[in-house]
Amino acid sequence: MNSQEAAKMSNHVILWIFFFVQIHLYPCVQSCFPPSFQAMAPEDVAAGYVISKVNVAICDSKVERFDSSDPDFAVRADGSIVALHSTKIPAAGRAFSVWAEDSNGRQSKMDIHILQKLSQKVKTGILRRSKRRWSPPPLSIVENDSLGLPKNVEQIGSDSSSQYKVYYVISGPGVDEEPVGVFTVEPSSGMLRVHKVVDREQYPQFEILARVYDRYTNQETDKPLPIKVNVIDQNDNAPTFAGSLTFSVLEQKADAVVGQINATDRDEAGTDHTKISYKLLDGNDLFSIDSQTGVIKTKTASLDREVKDNHLITVEIRDMNGAPNGLFNTATATILLKDINDNPPLFSKSSHSVNVKENMEGETLILRIPVEDKDLKKTPNWNSVFDITKGNEQGHFRIERDPDTNEGLLYLTKPLDYEKGKTLKLEVQAQNEEPLTGTQATWASIPINVNVEDVDEGPEFMPENLKLRIKEGLPNGTIISHYTARDPETNSSAGITYYKLSDPASWIDVGKTNGELKIANTMDRESDFVKNSMYNITVKAVDSSAKTSTGTVFITLDDVNDNMPMLPTHDLVLCEKTGQLGSVVLVAEDKDENPFSSPFLFKLIEPQEGKWSLNKLNDTAVTLQQASELPTGVYNVPVLVTDLQGFGDTQTARVRICRCQYNQCVASESSAALGVGGILAMLLGLALLLLLCLLAACACAAKREKLELKDDLWSGGMLLKSNTEGPGEEGSTLVIVPTSGVEQSVKGSAVDNGTFGTMNTMNANSLAGAWQATQQPGLQQSSAAGLMTKDMIDMNTSSQYDFGGKGMDEVFLLNQRDATTLPTWRTNGIFLDMKLNYLATGEEARYADDILHTYNFEGEGSVAGSVGCCSDQSQYGNLDFLNTLGPKFKPLADVWNKK
C-alpha cells in the first residue's frame, strides 16, 4: 500500500474536534472537555460496543458522573462511549449530548456525533489485483461551525493518480451553484475544504461532482465521482407553537380534556433537538398538561362559568426533551368555559296578584311574570318553560314565554264567572328547556291570585244545554220539561221571559213566563227534521234589563211502532219465458228501527193455489214465484206484510207478465173491432155532450144583460158584460210576422159580432206599404196581404165606429203611428195564427229566433228599438195613449175599477 492509500484510510477515522464552550447558569470554570466530539461506528452497533473514548485524564478534578441525552449510549467514568442497547447508525450519522459534572459541582456539555463507518467486503478465492475506483465515504460537516475556517473536510483521490500526474476539479451546489463558494478542492492533493458556515435547515445535504484530469493533456483520467456531504444538525432552532391556542370545556367537569398544544421544531427530526416537552407556567391549580403530548386537562370540578367564564394560562415548549439547555418558547392559551344548566330560573317576586273582570273575552294577556337565570342567554339553559301546576283545572288560563325577555305571559283563555268564584289561586312553575345538571337546586314555583271583578250580566240557562229523551208521537199539549234561566247576581228566575229562536218543525211551544216545554205538533222520528233521532230547538231568555242569553234543548226521540212495512207501488215486471216459471222480488221497507222493523212476515191472503207462492229471500224480501204458467197481463196479488211486532196490513203487489226485450215489456201488436155495445156507448156520449151544449147556451142567453152607459157627449154606445174573470192585457200593436208560406193577396169577409158591419175590400198593397214602413231590422219584409184573411178583407166601413172618413188602408197606416186605435183583440189572434203557421213551415233554425235574447244595455233614452224576432212595433208599458181616448172612455174605466 503506497503512501496515498495509507493517507486515504487514515482520513476515514479522523476525529473532528470543535473548540467552542457553552456556558450554563450553574457556577462553573473552564471545562476540560471539548464542546463536540466525533467518532466512527459501523451501521449495526451491538450492546456493549465501545465506540470511542474521550480523554478525561487532563481534567483537573475528577468527573463524578456523565448524563447522556440518548438512552442508547452512555459515557463511562474513564471517558469510554459505550452502546447500551443494540442500535443502528444511519448514513447521516447520529448525534446526542453528554453532560459531565466534576467533584466541585461544575458541569460541562459535549455534543457527540457518531458517523457511519463504511464496511469492507471480505474477498474470497484467488487474490487478483483489479483496478479500484475512487469511492470515498459520505462526508459530513457540522452546521454553524465557524471555527478554523477554511478547514479540511476530506481528501479525495483517484486510482489514476498512480499512473498520471493529475489534478482535481469539483462542481455543483456549494461550489459553483447556490450557495456558491462553500467548498473548494486542492487541485494537486484532492483535499476538500469548507469555507463558509452552513445552515442545515436550509441545506441539509450537498451533492458535489468531482473530476480528475491529466495535468499535461487536460484529459479526464477517471470517471466523474459524485460526493455527498451531509450537514450535521445543531440545536439552533427553538420550537414554535402551531395551531390555535383557544380552547373550550364544559364548566364543573374534572379531568376533562380541554385541548392539545401543537408545536414544531425545524431541527432534524428524530433527535433530541426536536423532542419537545410541554409545561404550564401558571394555572396549575386548575389545569394540567401532558409533557409529551401537550394535552391540557381540567384538575378540578370547581370551574364555574357564572363566576369566571374564561381562564388564561402560560404554556412553555422546550426541545431536548425538556432539558435545561433546551431551547424554548412560551405562549398564552385561552380556555373558555362552556355553559351547563346549573342555574334554575328564579322569580323576581315571591307572589303575584291580578284583577280580571268576569266574562272578559278569551286570549287576553293579564300578567307578565319576570324571572332571572344566570346561565348563558338565548340558549336552552336560559330559555324558560312555564307551567301552571295548580288552579287551572277548568282550563281558563294558559302561559307561554316571551322570547325576548324570557318572561312568563299569563293569558285568559275562557271567561271567568264571578258567581262561581271570586278568587282563583294559581301556582306557576318555571323550568328550562334543558334539565338541571351539576347543582342540587330544583325548579322554582310562585303563587298567583286572580281576583274576579263582578259585572252586571244577563240571565244564564241552567244547564246551558238541556238534553231530553222522549217518545215520538206524544199527543199535543204534553209537557215534556221546563227550561229556565236565572240571574247570576240574584240567583233568581223572576222577571225572565222566554222565546223560541229556532224550532224547524214547529213541534215545541215554550212558555213565555215559566220556560215550559210543551208538544205543539206531533213529533215524528222519521221526519226529515230529525237527524240521528235528534231534534234541537234554541231558546232565548230576556231579563228585565233587556240582557239576553240563549240555550239549546237536545231532544232524543225514541222510536215507536208507527210505521208498517210497505211494498213498492210500481208494477213488478215478470218477463214471460216459454217453459219456465218466472218470479219477482218483493222488498218491503219500514221507517222504524229495531225491534219495530225487520224481519218481516209475508203471507198470501187470498188462495193462490196453482198461481203464486212465496219464498223467503232475507229479512226484508221474498220472491213471488209463479206456480203455473199464466197469460200476459197485470195481476194484483194481495200480500199481508207485518213487522217483528206483528204490525202491518194487506197490500197489493202489481205484477205485469209480458214479453220482454232487454228486461223491458214490449207492446204487442193487436187489432180490435168495435161491437154493438161500443157503438151504443159512443152515441150515448154524444147525446149527453149535445145536451150540455144546449144547456150552456140557454144559460148564457138568460144571463146576458145590457148596461146603459151615460153618454155625456156623443158616444151613445152600449157596454155588454163579458164575464172577464180578471184583468187581462191587450196588445197595443200588431206583431210583424214574415210571409213565408202565405199568399200575397187574400180576400174574404169578417164578422164583427154586431159591432162592425161589412167592410169593403181593402187594398193589400197599401197595407203592405204601411207594414214595410215600420219594419224592424233583421226581419223579412212583410205585406199586409200576407197577414190578412178573407174574413177581414170584406169589413164594411159604415159601422158605428167612424174612422174619421179614412179608408181601411189609411186607418192601418194611422194605427202604425198610433197603435191605440187598432182592434187588437181580433187582429192579435189572427197574427198569432200566422206566426204559428210560419213556425210550422219554416226551417229548424227559425225556432231559434223565437226565444229571448240578452243584449247590452244601451243607456237611458236610447233610440234603438227592440231587436227580438217577435218584438212589438212600439214601446211596451207606454200608457200615454190612455189620456187621448176621449171622454167616453172614463165611464168604461170607472166600471172596470168597480170590477
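Each value, and the rule that gives it
Residues numbered from 1 in each chain as written. Predicted model: local features only at pLDDT ≥ 70, side-chain atom pairs only at ≥ 80, totals over all residues. Heavy atoms only, no water. Helix = DSSP H or I, 4+ residues; strand = E, 2+ residues; numbered from the N terminus. Contact = heavy atoms within 4.5 Å. Salt bridge = Lys/Arg side-chain N within 4 Å of Asp/Glu carboxyl O. Buried < 20%, exposed > 50% of the residue type's maximum accessible area, 1.4 Å probe, protein only. Pairing = 2+ DSSP bridges. Axes fitted to C-alpha atoms, helices over the stretch in contact; angles between N-to-C directions. Lys, Arg positive; Asp, Glu negative; His and termini not counted. Polar contact = N/O pair within 3.5 Å; in protein donor to acceptor, adjacent residues only side chain to side chain. Disulfide = S-S within 2.5 Å. Patch = residues over 30% accessible without salt bridge, like charges linked within 9 Å, V, L, I, M, F, W, Y side chains within 5 Å. Areas by Shrake-Rupley, 256 points an atom, 1.4 Å probe, with all protein chains shown as cover.

Asker: Which parts of the structure should I look at to understand the environment of Ala-520?
Answerer: Mapped onto the secondary structure, Ala-520 falls in the loop between strand S42 (516-519) and strand S43 (534-542). As for Ala-520 and Asp-509, which are separated by 11 residues in sequence, their C-alpha atoms are 5.6 Å apart. Ala-520 has contacts with Asn-476, Ser-506, Trp-507, Ile-508 and Asp-509, leaving out every residue within four places of it along the chain.

Asker: Looking at this model, I keep getting lost on the pattern of salt bridges. Mind explaining?
Answerer: It is possible for side chains bearing opposite charge to pair when their charged atoms get close. A full pass over the atoms with the stated rule returns 26 salt bridges. Of the charged contacts, one joins Arg-654 and Asp-571 as a salt bridge, the two residues approaching to 2.6 Å between their closest N and O atoms. Residue Arg-654 is found in strand S51 (residues 648-658), and its partner Asp-571 is found in the loop between strand S44 (548-558) and strand S45 (572-575); the two are separated by 83 residues along the sequence. Since its relative accessible area comes to 30%, Arg-654 is described here as partly exposed. In the salt-bridge network here, residues are joined through shared partners; they are Arg-525, Glu-526, Asp-559 and Glu-593.

Asker: What am I meant to see in the environment of Pro-403 here?
Answerer: Structurally, Pro-403 can be placed in the loop between strand S32 (397-401) and strand S33 (408-412). Overall, the relative accessible area of 48% leaves Pro-403 in the partly exposed class.

Asker: Whenever I open this one, the sheet that holds S51 confuses me. Can you help?
Answerer: Note: strands within a sheet are paired through backbone hydrogen bonds, in either parallel or antiparallel orientation. As summarised here, the arrangement of the 4 strands in space is S45-S51-S50-S47, forming an open sheet in which the pairing is mixed. Looking along the sheet, the strands with just one partner apiece sit at the ends: S45 and strand S47 (601-604). Averaged over all adjacent pairs, the angle separating strand axes in this sheet is 35°, with direction ignored. Pairing geometry for strand S50 (residues 633-642) and S51, over 10 bridges, is antiparallel. Residue pairing across strands places Tyr-635 opposite Val-655, the latter belonging to S51.

Asker: Where do I start with the side chain of Asp-375 in this structure?
Answerer: Assignment of secondary structure puts Asp-375 in the loop between strand S30 (371-372) and strand S31 (384-390). No salt bridge forms around the buried Asp-375; measuring N to O, its nearest opposite-charge neighbour Arg-305 is 5.1 Å away. Of note is the side chain of Asp-375, whose polar atom sits 3.2 Å from the side chain of Asn-343. Setting aside anything within four residues of it in sequence, one finds Asp-375 in contact with Arg-305, Glu-306, Asp-339, Ile-340, Asn-341, Asp-342, Asn-343, Asn-381 and Trp-382.

Asker: Explain the state of the cysteines here, please?
Answerer: Cysteine pairs can be covalently joined through their sulfur atoms, and such a bond is termed a disulfide. Following the criterion strictly, the structure yields 2 disulfides and no others. A sulfur-sulfur separation of 2.0 Å characterises the disulfide bridge that pairs Cys-575 with Cys-660. Across the S-S bond linking Cys-575 and Cys-660, the dihedral sits near -95°, which makes this disulfide left-handed. Here Cys-575 is found in strand S45, whereas its partner Cys-660 is found in strand S52 (residues 660-661), with 85 residues between them in sequence. What makes Cys-660 partly exposed here is its relative accessible area of 27%.

Asker: What am I meant to see in a nonpolar patch on the surface here?
Answerer: Judged by side-chain polarity, Ile-679, Leu-680, Leu-683, Leu-686 and Leu-689 come together as a nonpolar surface patch covering roughly 490 Å² of accessible area. Within the secondary structure, Leu-680 sits in helix H2 (residues 676-703).

Asker: Is there a simple way to explain the sheet that holds strand S24 (residues 295-298) in this structure?
Answerer: Reading across the sheet, the 3 strands line up as S20-S24-S23 and stay open at both edges, with antiparallel pairing between neighbours. With partners counted over all chains shown, the strands left at the sheet margins are strand S20 (257-260) and strand S23 (287-289), one partner each. Sheet twist, expressed as the average angle between the axes of neighbouring strands with direction ignored, equals 20°. Sheet topology places S23 next to S24; 3 bridges connect them, and they run antiparallel. Each bridged residue has a counterpart across the sheet, and for Ser-288 the counterpart in S24 is Lys-297.

Asker: I would appreciate a short explanation of the environment of Met-566 in the present structure.
Answerer: Note that Met-566 resides in the loop between S44 and S45. In this structure, the C-alpha to C-alpha distance between Met-566 and Thr-650, residues 84 residues apart in sequence, is 9.6 Å. Excluding residues that lie within four positions of it along the chain, Met-566 makes contacts with Val-587, Ala-588, Glu-589 and Gln-651.

Asker: Help me understand the side chain of Arg-318 in this model?
Answerer: Tracing the backbone through its elements, the reader meets Arg-318 in strand S25 (residues 310-318). Arg-318 gets classed as buried once you look at its relative accessible area, which sits at 13%. A distance of 2.9 Å separates a polar side-chain atom of Arg-318 from the backbone oxygen of Gly-326. The residues contacting Arg-318, other than those within four sequence positions of it, are Pro-239, Lys-275, Ile-276, Ser-277, Ala-323, Pro-324, Gly-326, Leu-327 and Phe-328.

Asker: Would you take a moment to explain unusual backbone geometry for this structure?
Answerer: Both trends apply: most residues other than glycine have a negative phi, and most peptide bonds are in trans. Along the chain, Glu-178 connects to Pro-179 via a cis peptide bond; the corresponding omega equals -5°. Positionally, Pro-179 belongs in the loop between strand S13 (166-171) and strand S14 (183-185). Note the cis peptide between Asn-594 and Pro-595, where omega equals 10°. Turning to its location among the elements, Pro-595 is positioned in the loop between strand S46 (583-587) and S47. The phi torsion at Asn-144 lies on the positive side, around 65°, for a residue other than glycine.

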